[in-house]
Structures are given as structure tokens and as C-alpha cells.
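Structural overview for review
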Amino acid sequence: MIKKHEIYKTDKWNMMTVEVQGRYIVLREISDQWGEETHTFLSRPAMMQWVNNRFNKESYKDNEDEYRNIIAAFKQV
């Protein structure tokens, strides 16, 4: 059974989805700048480590609400 979570979506080109496929967590990041990147994790702690590296708090100093929403969405996966 596949469970799909939408983390954020600004338009059809800038979005991030997470699919839980059994014991694997597949994260797809679609960007108009880089195209599509897929990351596969074996555990939630590994995914959260990637999330904390990818979404560092300093990058969201001007928009802390967006940062909190993104982190909260990942924690619900």
C-alpha cells in the first residue's frame, strides 16, 4: 500500500511529495530550476536528517511560518 503526502505545492512545477512504500520513503522534489529529484530513505530519521539539511532555518529567516509548516508536514509522514 502506498501512502502519498503532499508537503508543499506552489504550482505544477514547484512541489514536493513523499510516498511511503512499505519500508521505503520516496521523496520527489520537482522544481522549475532543477527538474525532478528523487530521494529514497529507509527510515524516517534518515529523511528528517535530509530535511534539516535541505531546509535550514537561516534560509527562512524572513518567512518562519513557511519553515514551520514544511517541517510539520514532514513530521506527519
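Up top is the structure these notes are about.
Read on for an overview of the structure. Here the structure is a predicted model, which is why all the values come from computation and not from measurement. (Residues numbered from 1 in each chain as written. Predicted model: local features only at pLDDT ≥ 70, side-chain atom pairs only at ≥ 80, totals over all residues. Heavy atoms only, no water.)

Take the pairing of strand S3 (residues 24–31) next. In terms of strand pairing, strand S2 (residues 15–21) meets S3 through seven bridges, oriented antiparallel. Counted as the bridge partner of threonine 17 is arginine 28 from S3. Between S2 and the antiparallel strand that follows it, S3, lie two residues; glycine 22 among them carries a positive phi value of about 65 degrees. When S3 meets strand S4 (residues 35–41), the two strands line up antiparallel, connected through seven bridges. By the bridge assignment, serine 31 is partnered in S4 with glycine 35. Taking the residues that link successive antiparallel strands as the turn, the S3-S4 hairpin has three residues. (Pairing = 2+ DSSP bridges. Helix = DSSP H or I, 4+ residues; strand = E, 2+ residues; numbered from the N terminus.)

Looking at the secondary structure, you find arginine 44 in helix H1 (residues 44–54). By relative accessible area, arginine 44 is classed as partly exposed at 41%. Along the backbone, arginine 44 and tryptophan 13 are 31 residues apart, and their C-alpha atoms lie at a distance of 25 Å. Beyond its immediate stretch of four places on either side in the chain, arginine 44 contacts Val20, Ile25 and Val77. Within the structure, the side chain of arginine 44 is placed 2.6 Å from the backbone oxygen of valine 77, a separation counted as a polar contact. (Buried < 20%, exposed > 50% of the residue type's maximum accessible area, 1.4 Å probe, protein only. Contact = heavy atoms within 4.5 Å. Polar contact = N/O pair within 3.5 Å; in protein donor to acceptor, adjacent residues only side chain to side chain.)

Residues separated by three or four positions in an α-helix point in the same direction, a consequence of the helix having 3.6 residues per turn. Every buried residue of H1 is listed here: Met47, Met48, Trp50 and Val51. All buried residues of H1 lie within an arc of 160 degrees about the axis, which places them on one face of the element. Turned more than 90 degrees away from the buried face of H1 sit Pro45, Gln49 and Asn53, all of them exposed. Where H1 is buried, its residues meet S2, S3, S4 and helix H2 (64–75). Between the side-chain oxygen of the N-cap and the backbone nitrogen of alanine 46 there are 3.3 Å, and the N-cap of H1 in question is serine 43. (Arc of directions from axis to C-beta.)

These figures come from the coordinates and say nothing about function on their own.
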